[in-house]
Amino acid sequence: MACAMPPVLSPEPETLLTRAWPDYALLDSGDGRKLERYGSHTVVRPEPQCWWRPRDATAFERPDAVFDPDDEDEAGRWRFSGRSIESFPLAWRDVRFTGRFTPFRHLAFFPEQAANWDWLDQRIQQLQRPKVLNLFGYTGVASLACAAAGADVTHVDASKKSVAWARENAELSGLADHPIRWIVEDARKYVAREVRRGSRYQGIILDPPKYGRGPTGEVWRLFEDLPGLLKDCAALLSDDADFLLLNAYAARISGLSLAHLMAEATRTRSGRIDWGELALAEDGPDARAIGLSFFARWTA
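Residues numbered from 1 in each chain as written. Predicted model: local features only at pLDDT ≥ 70, side-chain atom pairs only at ≥ 80, totals over all residues. Heavy atoms only, no water.

### Let's talk about the overall build of the protein chain
Part 1 of the argument: Looking only at helices and strands, the protein chain features six helices and 18 strands.
Part 2 of the argument: Within the protein chain, buried positions represent 54% of all 300 residues.
Part 3 of the argument: Summarising the internal contacts of the protein chain: among those between residues at least 6 apart in sequence, 64% fall at separations of at least 24.
Part 4 of the argument: Considering the protein chain, the positive charge centre built from 38 side chains and the negative charge centre built from 43 side chains are found 4 Å apart. (Helix = DSSP H or I, 4+ residues; strand = E, 2+ residues; numbered from the N terminus. Buried < 20%, exposed > 50% of the residue type's maximum accessible area, 1.4 Å probe, protein only. Contact = heavy atoms within 4.5 Å. Lys, Arg positive; Asp, Glu negative; His and termini not counted. Charge placed at Lys NZ, Arg CZ, Asp CG, Glu CD.)

### Here we look at the sheet that holds strand β6 (residues 65–69)
Picture the strands of a sheet paired through backbone hydrogen bonds; they go either parallel or antiparallel.
Part 1 of the argument: Taken together, five strands build an open sheet; the order of strands is β3-β4-β5-β6-β7 and the sheet is mixed. Every other strand in the sheet has two partners, leaving β3 (24–30) and β7 (76–80) as the edge strands with one partner each. In this sheet, adjacent strand axes meet at a mean angle of 20 degrees when their direction is disregarded.
Part 2 of the argument: Here β6 pairs with β7 via five bridges, running antiparallel. Across the sheet, V66 pairs through a bridge with R79, a residue of β7. (Pairing = 2+ DSSP bridges. Axes fitted to C-alpha atoms, helices over the stretch in contact; angles between N-to-C directions.)

### As for the environment of K131
Part 1 of the argument: Locating K131 in the fold gives a position in strand β10 (residues 131–135).
Part 2 of the argument: For the pair K131 and V153, spaced 22 residues apart in sequence, the C-alpha separation works out to 6.0 Å.
Part 3 of the argument: Excluding residues that lie within four positions of it along the chain, K131 makes contacts with D152, R200, Y201, Q202 and G203.
Part 4 of the argument: Polar side-chain contacts of K131 include one of 3.4 Å to the backbone oxygen of R200. (Polar contact = N/O pair within 3.5 Å; in protein donor to acceptor, adjacent residues only side chain to side chain.)

### Remarks on the side chain of S10
Part 1 of the argument: Here S10 lies in the loop between β1 (8–9) and β2 (14–18).
Part 2 of the argument: With residues up to four places along the chain from it excluded, the contact list for S10 reads R272, I273, D274 and W275.

### Some thoughts on the layout of surface pockets
Part 1 of the argument: Space inside the second largest pocket adds up to approximately 210 Å³.
Part 2 of the argument: For the second largest pocket, the lining is made up of 13 residues, of which A234, A235, A265, T268 and R269 are closest to its centre.
Part 3 of the argument: Within the residue set of the lining of the second largest pocket, elements represented by two or more residues are α5 (222–235) and α6 (255–265).
Part 4 of the argument: Ranked by the residues each element gives to the lining of the second largest pocket, the list is headed by α5, at three residues.
Part 5 of the argument: Residues of the lining of the second largest pocket, tallied by class, amount to five nonpolar, two polar and six charged. (1 Å grid on protein atoms, 1.4 Å probe; cavity = no way out; pocket = protein on both sides within 12 Å on 5 of 7 lines; lining within 4 Å. Points joined across faces, edges and corners; volume = space filled by probe spheres on them. Nonpolar A, V, L, I, M, F, W, Y, C, P; charged D, E, K, R; others polar.)

### A look at the nonpolar core
Side chains that are nonpolar tend, in soluble globular proteins, to be buried together.
Part 1 of the argument: Ranked by size, the top nonpolar core spans 46 residues in total, and within it Y38, W78, F101, F109, W117, C146 and F243 carry the most contacts.
Part 2 of the argument: In terms of residues, this core owes the most to one element, helix α2 (residues 141–149), which gives seven residues.
Part 3 of the argument: Each residue touching Y38, except ones within four places of it in the same chain, is listed here: D23, Y24, V43, R45, F88, L90, L107, F109 and P111.
Part 4 of the argument: In terms of nonpolar packing, the next biggest core, distinct from the first, is built from 36 residues, L230, L244, A248 and W298 among them. (Core = buried A, V, L, I, M, F, W, Y, C linked by side-chain atoms within 4.5 Å.)

### Quick notes on the pairing of strand β5 (residues 41–46)
Part 1 of the argument: Along β5, five of the six residues are buried, which leaves the element largely enclosed by surrounding structure.
Part 2 of the argument: Here strand β4 (residues 33–38) pairs with β5 via six bridges, running antiparallel. Residue pairing across strands places Y38 opposite H41, the latter belonging to β5.
Part 3 of the argument: In this antiparallel pair of consecutive strands, β4 and β5, the connection spans two residues, and G39 shows a positive phi of 60 degrees.
Part 4 of the argument: The pairing of β5 with β6 spans two bridges and is parallel. Bridge pairing in β6 places V43 opposite A65.

### Describing α5
Part 1 of the argument: The first and last C-alpha atoms of α5 sit 19 Å apart over 14 residues, in line with the 20 Å expected at 1.5 Å per residue.
Part 2 of the argument: Buried within α5 are the following residues: L222, D225, L226, L229, L230, C233 and A234. For α5, the angular spread of the buried residues around the axis is 165 degrees, confining them to a single face. Exposed residues pointing more than 90 degrees away from the buried face of α5 are listed as E224 and K231.
Part 3 of the argument: Looking at the packing, one finds that the buried side of α5 touches β10, α4 (187–197), β13 (203–206), β15 (219–221), β16 (243–248) and α6. (Expected span 1.5 Å × (residues − 1). Arc of directions from axis to C-beta.)

### Quick word on the side chain of D225
Part 1 of the argument: Assignment of secondary structure puts D225 in helix α5.
Part 2 of the argument: Within the structure, the side chain of D225 is placed 2.8 Å from the backbone nitrogen of R221, a separation counted as a polar contact.
Part 3 of the argument: When near neighbours in sequence (up to four residues on either side) are disregarded, D225 contacts R188, V219 and W220.

Take a look at the structure:
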């Protein structure tokens, strides 16, 4: 049963480092850019936080693809050194998925999230086929990591195209027959309906964007809408729930602010709240790291 004692808030932040794996590496960074390897492709993308100098500036001169941003937003276009590349295969452990050169500077997944995938994998393997809800699931890598670890997953995203890509990734991973529910819907509407139904989950993943639109024109604004959604997510946790993981990125957010929001949402439960930053670590000696998003997670 839920406990009247509030969760214990960790007094110190934690930095979760994502290091190179066979299909991804942060090779170098500096002068407002990062040089990455995705499979066999080298990629240069803007990264304003890299104020330092690159270790090898010449390596940035010969990538396979460079993202040129527009002046006003996250959009832009890719410039290729040879023929244009639309998509290519990638893997993280047993999860296989497709990398895509999207017009929003990322490649259809966020590599720093591998630190969360690793944590979810370890957590779920200790449970007996838990029910896990993944909101704003995008192309499904986190959902598939949970499924591969033994969870029954409900994957929710407002984009029909993203859910279609996620289903393709499930096929690639050999998980098409695994109990994964694919839902195209506004996350707030879905969660509110689940609360009314009395549904319960042992684990919930919440990775919202700063701004977004639902399938029927609903508008998502992080600072206005996250508190209510997180409160409803806490109401969906079962009596034997194990985790509620929140990840977000915005200029005005910090790990500590997410932790206090999490503490308010889970105040009727015991447990622990850890918080901090997700970062990509360069490959090689004397590696630097780039902080890219913030997290707070309640665990039983």
